[in-house]
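Chains, contacts and geometry: an overview
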Number of protein chains: 2
Amino acid sequence: MNDEKVYAETLKHIHRLIVQDGLAPGDKLPSERELAERLGVGRSSVREALRALEFLGLIETRRGEGTYMCEIGSHQLVDLLAMFLLENERAKADLAETKWLVERLLLELFCQRQGEEAIGRLEKTVRQKPIDFERFFQTIAEAAGNYLLVRIWRALSAFAAAFAPKPSLADSFYDQLLAALKKRDSAEAIAVWEAHRPWPLSKKS
Amino acid sequence: MNDEKVYAETLKHIHRLIVQDGLAPGDKLPSERELAERLGVGRSSVREALRALEFLGLIETRRGEGTYMCEIGSHQLVDLLAMFLLENERAKADLAETKWLVERLLLELFCQRQGEEAIGRLEKTVRQKPIDFERFFQTIAEAAGNYLLVRIWRALSAFAAAFAPKPSLADSFYDQLLAALKKRDSAEAIAVWEAHRPWPLSKKS
DNA sequence: ACCATTAGGTGGTCAGACCAGTATGGAATT
DNA sequence: AATTCCATACTGGTCTGACCACCTAATGGT
């Protein structure tokens, strides 16, 4: 019945353990040997599961010390994925497009949910020349109120940064966008967005 | 001097091997034992490297057959990250919203790229009562021409299924949507979408 | 109080064994 | 000659036990 691979099961078990114990970034996981014994599996299976988690950027192993939870969105996975993504032109195009679309979504959400303090932080970012697009959009993303979408954006952004130059946009773009956002006018914001960062929404395939 | 971990080095070696040999999706990798011998490392280290690649969604292992390259993108990755992210109520709401937004995006892309055969498949799906939303949207997603976005949608969809019942929509919704899609009228399609599957794009937090 | 030593724990790695599937080729059958 | 069937070799999956390098903390002597 249960033909699931042991290392995959182990991965789920470890996940359950993390959730149940409420482990936060920085916390220590049980040792490999203890995990193996508690889960009734071999240490090698535990290690294979941990390896997956490590390369996904969820844990960090320190020789002689132990295994620790770490901040998600780590670069390990970004570098690795980028390494493979680089070999595929199509994937690059899809990534760029997806990033663009998600950013447009975030603009829309921002207009419907933003508070005054978010606008204030945006203005501050814009005053700091040269304007940092990543930083600017990070603020928008956080204020958009959808944490999962922010996560997705961060991942896309990190991937894109791994093998594409940062987009350099004119100051006027930020000014116009900010004006639209202040009015909570999502239609205008999107119009500004599409005018300054056009994406060929037309390719056949 | 070289204090890099063996499984990390092995990972790079395997990548180099894949690039040099020009392995494409579907191609077979050397066996674990052969890799271990060629790279002069233990089989367990090879396995740990492969495990990372597998959970990153880059390779697929089939017991008794071998290890194969698979489509690039992110699926396991998104799955796993989501698994760790979706542990609270807030995340569930974000998931539902994100899924809704991504689906709206896919509708837009579909209108700009769809071919006639995609429309045909949609009509076929609609004729099969009861209409399966997942199946219907799967067709739209694939025809939208952005593989990465499809992957993200699939992950979102899978997770949503775990938390919430499948949305049950009136047949008239599919009819109206199909009519709009036939005309490649993204504005109308989105209008139908928002009318039948409304999402409270207004919550403060 | 200080510092050096030491013992135990931890991750990292390897080798070997065995299991459970699949593929393959040759023998037996038709 | 074509087909079926099965032994065999190969593949991934798993466990065990051993050893290394490293870190920490307790120990013990000064």
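No experiment lies behind these values; they were computed from the predicted model shown.

Conventions and cut-offs
- Residues numbered from 1 in each chain as written.
- Chains lettered and ligands numbered in written order.
- Predicted model: local features only at pLDDT ≥ 70, side-chain atom pairs only at ≥ 80, totals over all residues.
- Heavy atoms only, no water.
- Near = heavy atom within 4 Å.
- Polar contact = N/O pair within 3.5 Å; in protein donor to acceptor, adjacent residues only side chain to side chain.
- Helix = DSSP H or I, 4+ residues; strand = E, 2+ residues; numbered from the N terminus.
- Nonpolar A, V, L, I, M, F, W, Y, C, P; charged D, E, K, R; others polar.
- Core = buried A, V, L, I, M, F, W, Y, C linked by side-chain atoms within 4.5 Å.
- Buried < 20%, exposed > 50% of the residue type's maximum accessible area, 1.4 Å probe, protein only.
- Pairing = 2+ DSSP bridges.
- Salt bridge = Lys/Arg side-chain N within 4 Å of Asp/Glu carboxyl O.
- Phe/Tyr/Trp six-rings, centres within 6.5 Å; stacked < 30°, edge-to-face > 60°.
- Lys NZ or Arg CZ within 6 Å of the ring centre and 35° of its normal.
- Contact = heavy atoms within 4.5 Å.
- Axes fitted to C-alpha atoms, helices over the stretch in contact; angles between N-to-C directions.
- Parallel < 35°, antiparallel > 145°, perpendicular 65-115°, else oblique.

**Some points on the protein's contact with DNA strand C**
- Near DNA strand C there are 25 residues, and of these Arg43 of chain A together with Val6, Tyr7, Gly42 and Ser45 of chain B occur at the shortest range.
- Within 4 Å of the protein, atoms of DNA strand C come from sugar and phosphate in 67% of cases.
- Here a phosphate oxygen of DNA strand C and a side-chain polar atom of Thr61 of chain A are 3.2 Å apart.
- Within the backbone of Gly64 of chain A, an N or O atom sits 3.2 Å from a base nitrogen of DNA strand C.
- Contributing elements (two or more residues each) for the surface near DNA strand C: helix H2 (32-39), helix H3 (43-55), strand S1 (59-62) and strand S2 (66-69) of chain A together with helix H1 (6-20) and helix H3 (43-55) of chain B.
- When grouped by side-chain class, the residues that make up the surface near DNA strand C number three nonpolar, nine polar and 13 charged.

**Remarks on the protein's contact with DNA strand D**
- Around DNA strand D, the structure places 25 residues, and the nearest of them are Val6 and Ser45 of chain A together with Glu32, Arg33 and Arg43 of chain B.
- Close to the protein, within 4 Å, the atoms of DNA strand D are drawn from sugar and phosphate at a rate of 66%.
- In this structure, a phosphate oxygen belonging to DNA strand D sits 3.1 Å away from a side-chain N or O atom of Thr67 of chain B.
- Sorting the residues of the surface near DNA strand D by element identifies helix H1 (6-20) and H3 of chain A together with helix H2 (32-39), H3, strand S2 (59-62) and strand S3 (66-69) of chain B as the ones contributing at least two each.
- Classifying every residue of the surface near DNA strand D by side-chain character gives three nonpolar, nine polar and 13 charged.

**With respect to the nonpolar core**
- Judged by nonpolar contacts, the single largest core of 79 residues is most densely connected at Leu181 of chain A together with Leu181 of chain B.
- Of all hydrophobic cores here, the second largest spans 40 residues; its members include Ala8, Leu50 and Leu53 of chain A together with Leu29 of chain B.

**Observations concerning helix H7 (residues 133-143) of chain B**
Residue and element names in this part refer to chain B.
- Those residues of H7 lying buried are Phe133, Phe136, Phe137, Thr139, Ile140, Ala141 and Ala143.
- Measuring from the backbone nitrogen of Glu134 back to the side-chain oxygen at the start of H7 gives 3.1 Å, which picks out Asp132 as the cap.
- Looking one or two places after H7, you find Gly145, whose phi comes out positive at around 80 degrees.

**Topic: the pairing of S1 of chain A**
- Alternating positions in S1 of chain A separate cleanly, Ile59 and Thr61 of chain A being buried on one face and Glu60 and Arg62 of chain A remaining unburied on the opposite face.
- What sits between the antiparallel neighbours S1 of chain A and S2 of chain A is a turn of three residues, in which Gly64 of chain A has the positive phi angle 85 degrees.

**A look at the pattern of salt bridges**
- All told, the structure shown has 32 salt bridges over all chains when counted by the stated rule.
- Residues Lys99 of chain A and Glu103 of chain A are paired through a salt bridge, measuring 3.0 Å at the closest nitrogen-oxygen approach. With a gap of four residues between them, Lys99 of chain A and Glu103 of chain A both fall in helix H5 (residues 89-113), about one helical turn apart. You'll find Lys99 of chain A and Glu103 of chain A in the same group, each marked buried.
- Here Lys12 of chain B and Glu4 of chain B are joined by a salt bridge, their closest N and O atoms 3.6 Å apart.
- Lys12 of chain B gets classed as partly exposed once you look at its relative accessible area, which sits at 38%.

**So, the packing of aromatic side chains**
- Under the criterion given, the structure shown has 18 aromatic pairs over all chains.
- An angle of 80 degrees between the planes, with centres 4.9 Å apart, marks the rings of Phe136 of chain A and Tyr174 of chain A as edge-to-face. Remark: Tyr174 of chain A occurs in helix H9 (residues 171-182) and Phe136 of chain A occurs in helix H7 (residues 133-143); sequence separation between them is 38 residues.
- Given a relative accessible area of 0%, Phe136 of chain A falls into the buried group.
- Its relative accessible area of 1% is what places Tyr174 of chain A among the buried residues.
- Three or more aromatic residues joined by ring pairs make a cluster, and in this case those are Trp100, Phe133, Phe136, Phe137, Trp153, Phe173, Tyr174 and Trp193 of chain A.
- A cation over a ring is seen here: Arg51 of chain A above Tyr7 of chain B, with NZ or CZ 4.3 Å from the ring centre.

**Side note on the sheet that holds S3 of chain B**
Residue and element names in this part refer to chain B.
- In spatial order, the strands read S1-S3-S2; together these three strands make up an open sheet with antiparallel pairing. Two strands bound the open sheet, and with one partner strand each, they are strand S1 (28-29) and S2.
- Pairing geometry for S1 and S3, over two bridges, is antiparallel. Bridging across to S3, Lys28 finds its partner in Tyr68.
- The strands touched by H3 within the sheet are S1 and S2, with S2 carrying the most contacts at an inclination of about 115 degrees.

**Points about the pairing of S2 of chain A**
Residues and elements named next belong to chain A.
- Residue alternation in S2 divides its side chains into two sets, Gly66 and Tyr68 and Thr67 and Met69, and both sets are buried.
- Pairing of S1 with S2, which is carried by four bridges, proceeds in the antiparallel orientation. In the sheet register, Arg62 faces S2, and the bridge partner there is Gly66.

**A look at the packing of helix H6 (residues 116-127) of chain B against H7 of chain B**
Residue and element names in this part refer to chain B.
- Contact geometry of H6 with H7 gives a least axis separation of 9 Å together with a crossing angle of 175 degrees. When the axis of H6 is compared with that of H7, the two are roughly antiparallel. Contacts between H6 and H7 involve Ala118, Arg121, Leu122, Thr125 and Val126 on the former and, on the latter, Arg135, Phe136, Thr139, Ile140, Glu142 and Ala143.
- Looking at the contact of H6 with H7, its residues break down into six nonpolar, two polar and three charged.

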